[in-house]
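# Descriptive structure summary
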Amino acid sequence: MVAPALILVLLVTLWPVAQSFYNSLFDYRLNDPSRSERFLSSNVDLERYANEYFYLSRDLELLESQAPDGETADAAASIRTEIENYHDSLITENALEDQYAEVEEMLASFTAISDSELKYADIDNDLADDYKNYLDEAQAELTALADSTDSEEFATTAGNISGTLGTVDTTLIESNFIGFSNYQRYLTDGRMWQSMWNTLLFTIVSVGAELVLGLMIALLINRAFIGRGIVRASVLIPWAIPTAVAAMMWGFLYDGQTGIVAHYFEQFGLIDDASVLLSTGAGGMFSVIFADVWKTTPYMALLLLAGLQTIPGSLYEAAEVDGAGKWQQFWQITLPLLKSAILVALLFRTLDAFRVFDLIYVLTGGGPANSTESISIYAYITLFSQSNFGAGSVLSVIVFISVAIISVLFIKFIGSDLFAGRSGR
């Protein structure tokens, strides 16, 4: 009976986290052709290599025929022979004859190669290093030959070959496995720690305010009065509004020129100028916290209301008979019996607040000057805007570990409280 739940957790949670951890061990970047795949060893992009080598071998023969003198021709022939030797070694020593021939055939028929197993091939690390080093040497030698001759035709061809050599160099892909170097980098990254501090500050202040206000609202709507159903439904309206919509709405309300909230905050002396809410670090953090408290307090109130309704009314009647006042009833009956509900509500809201993304991203974008950037926004920018999957995965793993630590701490408190409650009964 437990197996379906375990399988679901494995597929939905643990497998993506494991994939993110694996990605974090590589210098994995989509905006760099040599880093767009995860390579544990050196590889060659056969599609690009075969295409570039076709032009390279043709131009090297042409260069030799254009040499203005015998010495230059010998130098060009030496470069051509050396590159051909490296090419032959690359193909034969790595047993790529059949695969390379298939790639050449597909290129000749203008067929796109989508199969990564055909497109990329493992090659010997030492051979790849030697080949790449010689390509650099050949570029320098060609530049020297072009500078030493007056033949414009020879110099032009040498320049073309030098550019092709640089392209061939990029097709020989070294392993981008870097282990825990990404973690070392980001654990000493000031921006990461700043985003982590912003996230913690946002979480602590917003969840604390929501707990106090939510408890007050829950106590109020738990009482019997005329129109209680309408009030309960009205209280939940902010929570029902999509977060992105609420963030856009608050963006207009905070606007320094037309925002009514910014205007009245200035009129009441809460801020010096209406523009500070979205243009300063402190104002930006206050703005996102205030908007989050407005939107999510009803959710906290709903969870606490459910806890309040589990408390037997007979306990309050007995307390009144004993002469206990409302304040004493709250501290001696309501709060102790509501402790489990409070801890559960805090757990849900803390985890949700720590992973905050949409509210801040739409309202401030993490600004001004990254003063409201949360760890989730930093991970998103690194992962998608910069196409750096390795570094973005590191930040994602850090978020997961932080959330796991928070969960363990809260569950420990909740478990202890429930265990103590059962022992008491």
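What this report covers is the structure whose coordinates are included nearby. (Residues numbered from 1 in each chain as written. Predicted model: local features only at pLDDT ≥ 70, side-chain atom pairs only at ≥ 80, totals over all residues. Heavy atoms only, no water.)

### A closer look at the sheet that holds strand β2 (residues 120-122)
Using the following cut-off: Pairs of strands are assigned from DSSP output, requiring at least two bridges between the strands. We count a stretch as a helix when DSSP gives it H or I for four or more residues in a row; a strand needs E for two or more, and each element gets its number in order from the N terminus.
Taken in spatial order, the 3 strands make up an open sheet running β2-β1-β3, and their pairing is antiparallel. Of all strands in the sheet, those bounded by a partner on one side alone are β2 and β3 (172-173). Pairing analysis gives 3 bridges linking strand β1 (residues 43-45) to β2, with the strands arranged antiparallel. Opposite Val44, over in β2, you have Ala121 as the bridge partner.

### Overview of helix α13 (residues 260-267)
Applicable threshold: For each residue, the accessible area found with a 1.4 Å probe, counting protein chains only, is set against the maximum for its type, and the residue is called buried under 20%, exposed over 50%, and partly exposed in between. To obtain the arc, one takes the directions from the helix axis to the C-beta atoms. By definition, residues are in contact when any of their heavy atoms lie within 4.5 Å.
All buried positions along α13 are accounted for by Val261, Ala262 and Phe265. Buried residues of α13 fall within an arc of 100° about the axis and therefore sit on the same side. For α13, the elements touching its buried residues are α12 (243-253), α14 (276-279) and α15 (281-308). At the C-terminal side of α13, Gly269 shows a positive phi close to 80°.

### Focus: the nonpolar core
Rules: Throughout, nonpolar core names a set of buried Ala, Val, Leu, Ile, Met, Phe, Trp, Tyr and Cys residues whose side chains join them through atoms within 4.5 Å.
Grouped together as the largest cluster of nonpolar side chains are 61 residues, with contacts concentrated most on Phe202 and Leu395. Considering every element that reaches this core, the biggest residue donor is helix α17 (residues 326-354), with 11 residues. Among all residues touching Leu395, those that are not within four sequence positions of it are Tyr186, Met192, Ile375, Tyr378, Ala379 and Thr382. If you look at the next biggest cluster of nonpolar residues, it comprises 40 residues, including Leu60, Tyr100, Ala138 and Phe154.

### Focus on the packing of aromatic side chains
Which entries qualify depends on this criterion: Centre distance within 6.5 Å is the pairing criterion for rings of Phe, Tyr and Trp, where only the six-membered ring of Trp is used; planes under 30 degrees apart are then read as stacked, over 60 as edge-to-face, and the remainder as tilted. In our convention, an over-ring charge means Lys NZ or Arg CZ found within 6 Å of a ring centre and within 35 degrees of that ring's normal.
In the structure shown here, the tally under the stated rule is 29 aromatic pairs. Ring centres of Phe180 and Tyr183 lie 5.7 Å apart, and the angle between their planes is 50°; on these two criteria the pair is classed as tilted. Put simply, the rings of Tyr49, Tyr53, Tyr86, Tyr100, Tyr131 and Tyr134 touch in pairs and so form one group of aromatic residues. It is Lys119 that lies over the ring of Tyr120; its NZ or CZ is 5.5 Å from the centre.

### Quick notes on the pattern of salt bridges
Going by this rule: Only one rule defines a salt bridge in this text: a Lys or Arg side-chain nitrogen within 4 Å of an Asp or Glu carboxyl oxygen.
The tally for this structure, following the rule as stated, stands at 15 salt bridges. We note a salt bridge from Arg29 to Asp27, for which the minimum N-O separation is 2.8 Å. Among the charged side chains, a network of salt bridges with common partners joins Glu210, Asp292, Arg349, Asp352 and Arg355.

### Notes on the packing of helix α9 (residues 190-221) against helix α19 (residues 375-385)
Which entries qualify depends on this criterion: Axis angles are defined between N-to-C directions and span 0 to 180 degrees, where every axis is a line fitted to C-alpha atoms and, for a helix, only to the segment in contact. Note on angle classes: values under 35 degrees are labelled roughly parallel, values over 145 roughly antiparallel, values of 65 to 115 roughly perpendicular, and the remainder oblique. Residues were grouped as follows: Ala, Val, Leu, Ile, Met, Phe, Trp, Tyr, Cys and Pro as nonpolar; Asp, Glu, Lys and Arg as charged; and all remaining residues, including Gly, as polar.
Packing of α9 against α19 brings their axes to within 7 Å, and their N-to-C directions diverge by 140°. The orientation of α9 relative to α19 falls into the category oblique. Packed against α9, whose contacting residues are Arg191, Met192, Ser195, Met196 and Thr199, the element α19 presents Ile375, Tyr378 and Ile381 at the interface. Class assignment for the residues of the contact of α9 with α19 results in 5 nonpolar, 2 polar and 1 charged.

### Thoughts on the side chain of Thr199
Looking at the element boundaries, Thr199 is found in helix α9. Excluding residues within four positions of it along the chain, Thr199 makes contact with Phe354, Ser374 and Ile375.

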